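One letter stands for each residue in the lines below.
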Amino acid sequence: MVSAMFFSVGCTNKTADGEDSLAVDSLPADSLPNDTLSEMIEEEQMPAAADELFDDFFFNYAASRKVQKERTVFPLPVNSWGKESTIEANAWKREHFFMQQGYYTLIFHKASQMKMVKDTAVNDVTVEKIQTAKNMVTRWHFARKRGLWYMDGMSHLSLGQHPDAGFIRFYQRFATDSAFQQRSMAESIAFTGPDPDDDFSTMSGEIMPEQWSMFVPWMPSGTLYNIIYGNSPYPASNTRLFYVRGIANGLQMDMVFTRRGKGWILEKVNT
């Protein structure tokens, strides 16, 4: 039940309110339900059905110290900038992942990749922590073995080594530079979201770049947690679908970018 509450939120049409538009990092820790949820999960045995979908398993993994110890392969192989090492079970420190941040992202290169989120045949998933200011990416690899999900590897690499580094750097600037946003938009942007003239209504249509300041949604920046489903290489594509999904707070935002020349432009927004 708790797992469903967490991961079903991203599929609703509820839009974040004024408080959600604040940077999540600025929210006090006790404003998020993480401690309560973690206590509930610690007290319960993870249901067998949680291993069917990675999202269900991962919520339990991220929220429970016990599950992390049981479902991590020790000694855990770690590759830090090309140097191999291991972490023993007694040295493992619980990782909260994006539970305290309050949201995570999904970056797809084509719409069909979205189906993998609910594909029970997926057996490999990578969770990424992308820290643009530190020019660093931390990755945790998960694999399903004999029907059960395990975290079996961890790595650290520079952002420049990330296969999507170009787009990530573009997005970071786009999210934090309003002038750059104006220069990185299509002639018209397909928009679905709150009506600025009516707090209880949504609107759908097209907006011009000069109208963007009236509709601009909150965009995460600085530290991004991303989930990659499957172990296939990133497909060559001139499209990026950037999805933000909140954790039990109703936050949802979708943006579609298209490569134009050496840069990217925003073509669609759904909040």
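As shown above, the structure is provided for reference.
Keep in mind that this is a model prediction, so the values were computed, not measured.

Visitor: Looking at this structure, how should I read the overall build of the protein?
Guide: Across its full length, the protein carries seven helices and twelve strands. Residues counted as buried form 49% of the 271 residues belonging to the protein. At a minimum sequence separation of 6, the contacts of the protein that also span at least 24 residues come to 61%. A total of about 13500 Å² of accessible surface is found on the protein, and carbon and sulfur atoms cover 51% of it.

Visitor: Teacher, can you tell me more about helix H5 (residues 165-176) here?
Guide: Because the α-helix completes a turn every 3.6 residues, residues three or four places apart line up on one side. Its twelve residues give H5 an end-to-end C-alpha distance of 17 Å, which sits within 8% of 16 Å, the value for a rise of 1.5 Å per residue. Among the residues of H5, Ala165, Phe167, Ile168, Phe170, Tyr171, Gln172, Phe174 and Ala175 are the ones counted as buried.

Visitor: What should I look at first to understand the pairing of strand E12 (residues 263-270) in this one?
Guide: Here four bridges tie strand E7 (residues 185-195) to E12, and the two strands are oriented parallel to one another. Among the inter-strand pairings, methionine 185 is bridged to a residue of E12, identified as leucine 266. Here seven bridges tie strand E11 (residues 252-260) to E12, and the two strands are oriented antiparallel to one another. Within the sheet, the bridge partner assigned to methionine 255 lies in E12 and is valine 269. Taken together, E11 and the strand that follows it, E12, pair antiparallel across an intervening segment of two residues, in which glycine 261 is found at a positive phi of about 65°.

Visitor: For this particular structure, what's the right way to read helix H3 (residues 54-63)?
Guide: Taking burial as the measure, the ten residues of H3 include nine buried ones, the bulk of the element. Of all the residues in H3, the buried ones are Phe54, Asp55, Phe57, Phe58, Phe59, Asn60, Tyr61, Ala62 and Ala63.

Visitor: Just checking my understanding: could you explain the side chain of serine 64 for this structure?
Guide: With respect to the helices, strands and loops of the structure, serine 64 is situated in the loop between H3 and helix H4 (65-70). In this structure serine 64 comes out as buried when scored by relative accessible area, which is 1%. Engagement of the side chain of serine 64 in a polar contact is seen with the backbone nitrogen of lysine 66, the distance being 3.3 Å.

Visitor: Looking at this model, I keep getting lost on the environment of methionine 151. Mind explaining?
Guide: Structurally, methionine 151 can be placed in strand E6 (residues 148-158). A relative accessible area of 0% places methionine 151 in the buried class. Each C-alpha atom, one on methionine 151 and one on histidine 141, is 5.8 Å from the other, the two residues being ten residues apart in sequence. The residues touching methionine 151, leaving out its near neighbours within four places in the chain, are Tyr61, Arg71, Thr72, Val73, Leu76, Trp92, Trp140, His141 and Phe142.

Visitor: Explain the pattern of salt bridges to me, please; I cannot follow it from the model alone.
Guide: Any two side chains of opposite charge can pair, on the condition that their charged atoms come close. All told, the structure shown has seven salt bridges when counted by the stated rule. When the shortest N-O distance is used, the salt bridge between arginine 260 and glutamate 187 registers 3.5 Å. Pair noted here: arginine 260 is in strand E11 and glutamate 187 is in strand E7, with a separation of 73 residues, a long-range link. In this structure arginine 260 comes out as partly exposed when scored by relative accessible area, which is 45%. Here glutamate 187 falls in the exposed class, since its relative accessible area comes to 57%.

Visitor: Please clarify how the pairing of strand E8 (residues 198-207) should be interpreted in this entry.
Guide: Within a regular strand, side chains alternate between the sheet's two faces. Counting buried positions along E8 gives one out of ten residues, so the element sits mostly on the surface. Here E7 folds back onto E8, and the loop between the two strands holds two residues.

Visitor: What is the right way to read the packing of aromatic side chains from this model?
Guide: Geometry of an aromatic ring pair is reported as the spacing of the ring centres plus the angle between the planes. Tallied over the entire structure, the rule returns 29 aromatic pairs. Ring geometry for phenylalanine 54 against tyrosine 229: centres 6.4 Å apart, planes inclined by 85°, an arrangement best described as edge-to-face. With phenylalanine 54 in helix H3 and tyrosine 229 in strand E9 (residues 223-229), this pair connects stretches of sequence that are 175 residues apart. Comparing phenylalanine 54 with tyrosine 229 shows no difference in burial state: the two are buried. Here the aromatic rings of phenylalanine 57 and tyrosine 61 are separated by 5.5 Å at their centres, their planes lie at 40°, and the arrangement is tilted. Taken together, the positions of phenylalanine 57 and tyrosine 61, both in helix H3 and four residues apart, correspond to about one turn of that helix.

Visitor: Please explain unusual backbone geometry as it appears in this structure.
Guide: When glycine is set aside, most residues are seen to have a negative phi, and most peptide bonds are trans. Between phenylalanine 74 and proline 75 the backbone carries a cis peptide bond, its omega angle lying at -5°. Along the chain, proline 75 turns up in the loop between H4 and strand E1 (76-80). Positive phi outside glycine occurs at tryptophan 81, with the angle close to 50°. Checked against the element boundaries, tryptophan 81 lands in the loop between E1 and strand E2 (83-87). Even without glycine at this site, asparagine 135 takes up a positive phi of about 55°.

Visitor: How do you make sense of the nonpolar core when you look at a structure like this?
Guide: Note on soluble globular proteins: their nonpolar side chains tend to be buried together. Of all hydrophobic cores here, the largest spans 34 residues; its most connected members are Phe54, Phe57, Phe58, Tyr61, Phe97, Phe142 and Ile227. Secondary-structure elements contributing two or more residues to this core are H3, E1, strand E3 (103-108), strand E4 (124-131), strand E5 (136-145), E6, E9 and strand E10 (239-246). Of all the elements, H3 adds the most residues to this core, at seven residues. Ile130, Leu159, Phe170 and Ile207 belong to the second-largest nonpolar core, a separate cluster that totals 32 residues.

The rules behind each value
Residues numbered from 1 in each chain as written. Predicted model: local features only at pLDDT ≥ 70, side-chain atom pairs only at ≥ 80, totals over all residues. Heavy atoms only, no water. Helix = DSSP H or I, 4+ residues; strand = E, 2+ residues; numbered from the N terminus. Buried < 20%, exposed > 50% of the residue type's maximum accessible area, 1.4 Å probe, protein only. Contact = heavy atoms within 4.5 Å. Areas by Shrake-Rupley, 256 points an atom, 1.4 Å probe, with all protein chains shown as cover. Expected span 1.5 Å × (residues − 1). Pairing = 2+ DSSP bridges. Polar contact = N/O pair within 3.5 Å; in protein donor to acceptor, adjacent residues only side chain to side chain. Salt bridge = Lys/Arg side-chain N within 4 Å of Asp/Glu carboxyl O. Phe/Tyr/Trp six-rings, centres within 6.5 Å; stacked < 30°, edge-to-face > 60°. Core = buried A, V, L, I, M, F, W, Y, C linked by side-chain atoms within 4.5 Å.

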